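Analysis of the macromolecular model
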Amino acid sequence: MQNLNKGNTGSSPESEPFSAEKYYSTQPEPARLKDTLDGIRKFVAANNEKGRRIVLVTSGGTTVPLELNMVRFLDNFSAGTRGATSAEYFLSHDYAVIFMHRQFSQQPFLRHYSHSTNPFLDLLQIEEPDTNSPSVFPTAPRSEIATPKVSVNTTPEALPLLLRVLRENKRVKELGTLHTVTFVTVDDYLFLLRGIAGVLGEKEGPGRRVMYYLAAAVSDFFLPRQKMAEHKIQSGKGSLHIEMDQVPKILKPLVNEWTPEGYIVSFKLETDPQILIPKARGALDRYGHQVVIGNELHTRKYRVVFVEKNASTNGPRGKSIQANDGASSYREEWVTIQEDAETEIEELIVARLVERHGKWISGRGT
Ligand code: PMT
């Protein structure tokens with residue numbers, strides 16, 4: 001058996017778990033973080049000036065590299081569909097959207113014509129003027145190729161969606177209400193989240209007009225850089241033993257320190273329906289934010305549950321009050337659609353959140 005961890009192996013009883021502070025002071029920040037945050041600052045300023053509400057949507061799964069010169073990594077489940085779909089609905093409600101997503105995962109508008117489900121190239125039709133045209137791949141000089149006619153090849157049934165996507169994409173581009181940033185590793189994600197929260201929380205910023213919609217699937221365990229093998233892990237030495245450290249729970253500083261006024265929505269994914277609601281309630285107690293949206297792996301496209309604290313048990317930011325009767329401290333709202341419905345569940349999720357956020361802004365929400 002080989003042990004992957006370099007030097008001292010992981011979180012032995014005597015090694016301290018990573019606090020957020022320790023994490024940020026010991027792990028590497030992504031390249032060009034400052035430039036990325038400058039871009040966010042400009043986007044936020046432009047939309048804040050117009051009085052728009054702003055939402056940070058996180059989407060897709062984070063990875064954990066196993067080597068410094070990375071060949072292998074652990075990944076978290078998420079195609080990014082929830083985040084990309086929700087971002088479209090927030091845009092339709094005139095939110096400015098910071099879409100922070102895993103590189104190559106689903107994106108607003110593009111998701112409708114992704115490479116696997118509805119390939120964009122199938123929409124285009126090409127007509128060559130000369131049926132004997134040489135192949136354009138790889139070498140024919142351009143001057144020898146007569147210009148072909150390219151048209152959109154769509155059926156009457158497929159046209160309404162195509163037009164909707166094109167129109168909405170154009171509208172959003174003209175308004176400048178969508179800004180995209182990417183992450184790959186959990187380090188990228190955590191540094192970006194802290195940096196963006198810092199920008200959104202700046203003085204003269206949007207204050208309560210900010211919502212956090214944390215749909216990304218974030219790794220719970222990671223290999224600190226200091227314990228990583230430098231080079232590709234070699235096979236041939238028997239089984240591999242990896243001991244990972246726990247990623248600090250970042251919702252705590254987000255709620256309590258980074259974004260004192262933001263409206264925060266987190267997600268909880270479980271595969272065992274029995275623990276979904278207890279886990280969601282536990283997260284509300286621990287972090288004191290506004291909503292946990294629970295979903296089960298296999299029904300996540302048709303069924304979610306909003307878990308919130310009742311007003312009387314929600315104390316000042318980050319501090320929940322214990323009610324005498326445990327169960328009545330919380331309220332749950334299930335949102336469901338038929339499996340064959342044309343509606344997407346994100347439309348219903350976002351409509352409910354927009355309403356709650358409105359109350360939060362006017363000081364009437366919890
Ligand atoms: O993208 P799809 O394929 O459509 O799938 C969507 C989804 C199922 C991934 C999505 O709906 C979802 O449930 N996302 C959260 C899944 C998850 O991994 O939850 P978690 O228990 O790891 O984290 C709970 C919350 O805490 C999340 O909002 C996360 O952003 C946050 N978190 C997690 C870890 C960490 N160290 N700090 C955090 O703040």
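Per an unreviewed UniProt entry, the chain is named DNA/pantothenate metabolism flavoprotein C-terminal domain-containing protein, and its organism is Serendipita vermifera MAFF 305830.

Another point: the overall build of the chain. Assigned secondary structure in the chain consists of eight helices and 16 strands. Here the analysis covers contacts within the chain between residues at least 6 apart in sequence; of these, 73% occur between residues at least 24 apart.

How big an interface is tends to be stated in terms of accessible area lost as the parts join. Domains assigned within the chain are domain 1 (1–113 + 179–259) and domain 2 (262–366). Of all the elements in the fold, those that place two or more residues in the side of domain 1 that touches domain 2 are helix 3 (81–92), strand 9 (210–214) and helix 6 (251–258). Across the side of domain 1 that touches domain 2, the residue classes break down as 13 nonpolar, five polar and five charged.

Moving on: helix 2 (residues 33–49). Here helix 2 contains 17 residues, and its C-alpha end-to-end distance of 24 Å stays within 8% of the 24 Å for a straight helix at 1.5 Å per residue. Among all positions of helix 2, only Thr36, Ile40, Phe43, Val44, Asn47 and Asn48 are buried. For helix 2, the buried positions fall inside an angular range of 125° around the axis, keeping them on one side. More than 90 degrees from the buried face of helix 2, the exposed residues found are Lys34, Asp35, Asp38 and Glu49. On its buried side, helix 2 packs onto strand 2 (54–59), strand 5 (96–102), strand 8 (178–183) and helix 5 (186–200). Count one or two residues on from helix 2 and you reach Gly51, which has phi positive near 75°.

Glancing now at the packing of helix 2 against helix 5. Where helix 2 meets helix 5, the axes come as close as 10 Å, and the angle between the chain directions of the two elements is 35°. Relative to helix 5, helix 2 is oriented so that their crossing is right-handed. Contact residues: helix 2 offers Leu33, Thr36, Leu37, Ile40, Arg41 and Val44, while helix 5 offers Phe191, Leu192, Gly195, Ile196, Val199 and Leu200. Considered class by class, the residues forming the contact of helix 2 with helix 5 number nine nonpolar, two polar and one charged.

In the vicinity of the ligand there are 21 residues, among which Thr81, Leu214, Ser266, Phe267 and Leu269 approach most closely. Counting residues per element, the ones that place at least two in the shell around the ligand are helix 3 and strand 13 (263–270). Considering every element that reaches the shell around the ligand, the biggest residue donor is strand 13, with four residues. Partitioning the shell around the ligand into residue classes produces eleven nonpolar, five polar and five charged. Formed jointly, the shell around the ligand draws a minimum of three residues from each of two domains, domain 1 (1–113 + 179–259) and domain 2 (262–366).

Residues given the UniProt feature "domain: DNA/pantothenate metabolism flavoprotein C-terminal" (unreviewed entry) here are residues 214–301. Structurally, residues 214–301 comprises 26% helix and 24% strand, and the distance from its first C-alpha atom to its last is 17 Å.

With that out of the way, let us pick up the pairing of strand 2. The buried fraction of strand 2 is high, at six of six residues. Taking every second residue as pointing to the same face, both faces of strand 2 are buried, with Ile54, Leu56 and Thr58 on one and Val55, Val57 and Ser59 on the other. Alignment of strand 2 against strand 5, held across six bridges, turns out to be parallel. Within strand 5, the residue paired with Ile54 across the bridge is Ala96.

Okay, the nonpolar core next. Core analysis: the largest hydrophobic core is formed by 66 residues, its most contacted members being Val57, Val97 and Ile98. It is helix 5 that provides the largest number of residues to this core, a total of nine residues. Both of domain 1 (1–113 + 179–259) and domain 2 (262–366) provide at least three residues apiece to this core. With residues up to four places along the chain from it excluded, the contact list for Ile98 reads Ile40, Phe43, Ile54, Leu56, His179, Val181 and Ile196.

Turning our attention to the sheet that holds strand 9. Strands sit in the order 8-5-2-9-13-14-15-16 across an open sheet of eight strands; the sheet is mixed. Either end of the sheet is taken by a strand with one partner, and the two such strands are strand 8 and strand 16 (330–336). For this sheet, the mean angle separating the axes of adjacent strands, direction not counted, is 15°. With five bridges joining them, strand 2 and strand 9 adopt parallel strand pairing. Within strand 9, the residue paired with Leu56 across the bridge is Tyr212. Against the sheet, helix 2 engages strand 2, strand 5 and strand 8, with an angle of about 155° to strand 8. Relative to strand 8, helix 5 is tilted by about 150°, and along the sheet it contacts strand 2, strand 5, strand 8 and strand 9.

What counts as what
Residues numbered from 1 in each chain as written. Predicted model: local features only at pLDDT ≥ 70, side-chain atom pairs only at ≥ 80, totals over all residues. Helix = DSSP H or I, 4+ residues; strand = E, 2+ residues; numbered from the N terminus. Contact = placed C-beta atoms within 7 Å. Domains from an automatic or database assignment. Nonpolar A, V, L, I, M, F, W, Y, C, P; charged D, E, K, R; others polar. Expected span 1.5 Å × (residues − 1). Buried ≥ 20, exposed ≤ 12 C-beta atoms within 10 Å, placed from the backbone. Arc of directions from axis to C-beta. Axes fitted to C-alpha atoms, helices over the stretch in contact; angles between N-to-C directions. Left-handed = near helix turned anticlockwise from the far one by under 90°. Near = placed C-beta within 6 Å. UniProt positions renumbered as here; feature names shortened; annotations may be inferred. Pairing = 2+ DSSP bridges. Core = buried A, V, L, I, M, F, W, Y, C linked by C-beta atoms within 7 Å.

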